[in-house]
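# Per-entry structural report
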Amino acid sequence: MTTDAVGGVWTYALDLAAGLAEAGVRVSLAVLGPPPTADQIAEAAATPGLDLIDTGLPLDWTAEDARALDQAGRGVSDLAAELGVDLVHLNAPALAGAARFRQPVVSVAHSCLATWWRAVRGGPPPEDFRWRIEAHRRGLLASDAVIAPSGAFADDTMRAYDTVRPFVVPNGRRPDTAPARASRSGVVTTGRLWDDGKNIATLDRAAARLPFPLKAIGPLTGPHGERRRVDDAIAVGRLSAEAVRVELSAAAIFASASLYEPFGLGVLEAAQAGCALVLSDIPTFRELWNGAALFAPGRDDAAFASAIQALCDDDHRREALGLAARAQAARYGVEAMTAGVLDIYARLAPGLGPSVRREVAA
């Protein structure tokens, strides 16, 4: 299995690896792009049946050119052959089109530049995006199966690349088993804040309208040197997974003004923690959280501030929404995600069904 250590794909890969281990599947996890941090390495070490391999190969979306992407694809293909795995699970579909794999290939479309550009910018993408978009298309077509984490993103992928609709397997997380805090307060958001798709600008403006702090947890600087600034929200920076859980367990409200979310692991983590949700009104969030969140237009800071303030002023409604979010989050567990992935594995390699007891992925 491939991953990066930059964002939510890392979390997805570790959770899935743990779920696969419980089904008897041994996972070799190949990291591309920037190396994992010390706390991420510790997380991986605590995952049973997982072999972590830092390849030093470039990510598909940070590769300087097509040649570098081809090098990454060949590197992963060679590694899979060296390890003798039964199936290759790529969390970067472009790699499937950059090299030949001897094993069946399952690719997960976690996000892509074509759909990101349509949601965040609009109009024709820049030249540097075009070859990457074409590489992603080739990878989707070269994969034996493609997975999307939500129905909305499966539809977006099908339209953007004129491919068959991917299988839908929602992402999952294991909820924190610690009892909920009796007293909670404050507003928090999490994510790759440097990414314009996360739209921290709207929440920063909303924070200026609120009489209490809004914490923004996550990096403001990206792997290409992207920088975002917050003036009125409290920039906490990157925290370990455990520290994020602590913050969510103490917060009353979680807000996300994302313009682009194929799934949104941060929202799931907040819902599992029992936070009341205030989310941008985008198709993915409607699909996953309708009935368990308040929604506001993604670029409307006044609407976000109004929704957040309304929940702060109404304890009963806020607590009810937190309970509804926690109940809805139960649909998106690691067990359900693992079962969905194993079902697709079994379609490609019948010996890799739920009862498998051998190494599977690189």
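Each remark here, short or long, concerns the structure printed above.
The sections below set out a description of the structure shown in this document. (Residues numbered from 1 in each chain as written. Predicted model: local features only at pLDDT ≥ 70, side-chain atom pairs only at ≥ 80, totals over all residues. Heavy atoms only, no water.)

So, about the nonpolar core. Nonpolar side chains in soluble globular proteins tend to end up buried together. Counting 28 residues, the largest nonpolar core has Met1, Leu20 and Tyr345 as the members making the most contacts within it. Listing elements by their share of this core, those giving two or more residues are α1 (8–22), β2 (26–32), β5 (105–108), β6 (145–148) and α13 (334–348). (Core = buried A, V, L, I, M, F, W, Y, C linked by side-chain atoms within 4.5 Å. Buried < 20%, exposed > 50% of the residue type's maximum accessible area, 1.4 Å probe, protein only. Helix = DSSP H or I, 4+ residues; strand = E, 2+ residues; numbered from the N terminus.)

Glancing now at the packing of aromatic side chains. The way to describe two aromatic rings as a pair is by their centre distance and the angle between their planes. In this structure the tally under the stated criterion is 7 aromatic pairs. With centroids separated by 6.2 Å and ring planes inclined at 45°, the aromatic side chains of Trp116 and Trp117 adopt a geometry described as tilted. Across the pair, exposure class does not vary: Trp116 and Trp117 are buried alike. Measuring from centroid to centroid gives 5.3 Å for Trp117 and Phe129, while their planes differ by 75°, and the two rings are edge-to-face. In this pair, Trp117 sits in helix α4 (residues 113–120) while Phe129 sits in helix α5 (residues 127–142), placing the two residues 12 residues apart along the sequence. For Phe129, a relative accessible area of 17% gives the class buried. (Phe/Tyr/Trp six-rings, centres within 6.5 Å; stacked < 30°, edge-to-face > 60°.)

Another point: the sheet that holds strand β4 (residues 88–90). One open sheet holds the 4 strands; their spatial order is β4-β5-β6-β7, and the pairing between them is parallel. This sheet does not close on itself; its edge strands, each paired only once, are β4 and β7 (167–168). In the sheet, β5 pairs with β6 via 3 bridges, with the strands oriented parallel. Looking at the pairing, Val106 lines up with Ala145 of β6. (Pairing = 2+ DSSP bridges.)

Moving on: the packing of α4 against α5. At a minimum axis distance of 9 Å, the contact between α4 and α5 shows a crossing angle of 135°. Classed by the angle they form, the pair α4 and α5 counts as oblique. Only Phe129, Arg132 and Ile133 of α5 make contact with α4, whose side of the interface consists of Leu113, Ala114, Trp116 and Trp117. (Axes fitted to C-alpha atoms, helices over the stretch in contact; angles between N-to-C directions. Parallel < 35°, antiparallel > 145°, perpendicular 65-115°, else oblique. Contact = heavy atoms within 4.5 Å.)

Take the packing of α4 against helix α6 (residues 151–161) next. In a packed pair of helices, the relevant descriptors are the angle between the two axes and the axis-to-axis distance. One way to put it is that α4 packs onto α6 with a least axis distance of 9 Å and a crossing angle of 105°. One element, α4, and the other, α6, form an angle in the roughly perpendicular class. Contact residues: Ala114, Thr115 and Arg118 in α4; Phe153, Asp156, Arg159, Ala160 and Tyr161 in α6. Partitioning the contact of α4 with α6 into residue classes produces 4 nonpolar, 1 polar and 3 charged. (Nonpolar A, V, L, I, M, F, W, Y, C, P; charged D, E, K, R; others polar.)

Of all the residues in α4, the buried ones are Ala114, Thr115, Trp116, Trp117 and Val120. Along its buried surface, α4 packs onto α5 and α6. Among the residues trailing α4, Gly122 stands out with phi positive, at a value near 85°.

Here Ser258 is to be found in the loop between β11 (253–256) and α9 (265–272). A distance of 3.2 Å separates a polar atom in the side chain of Ser258 from a polar atom in the side chain of Ser256. Reaching out from Ser258, the side chain makes a polar contact with the side chain of Glu261 at a distance of 3.1 Å. Not counting residues up to four positions away in its chain, the partners in contact with Ser258 are Gly197, Lys198, Asn199, Ser280, Ile282 and Phe285. (Polar contact = N/O pair within 3.5 Å; in protein donor to acceptor, adjacent residues only side chain to side chain.)

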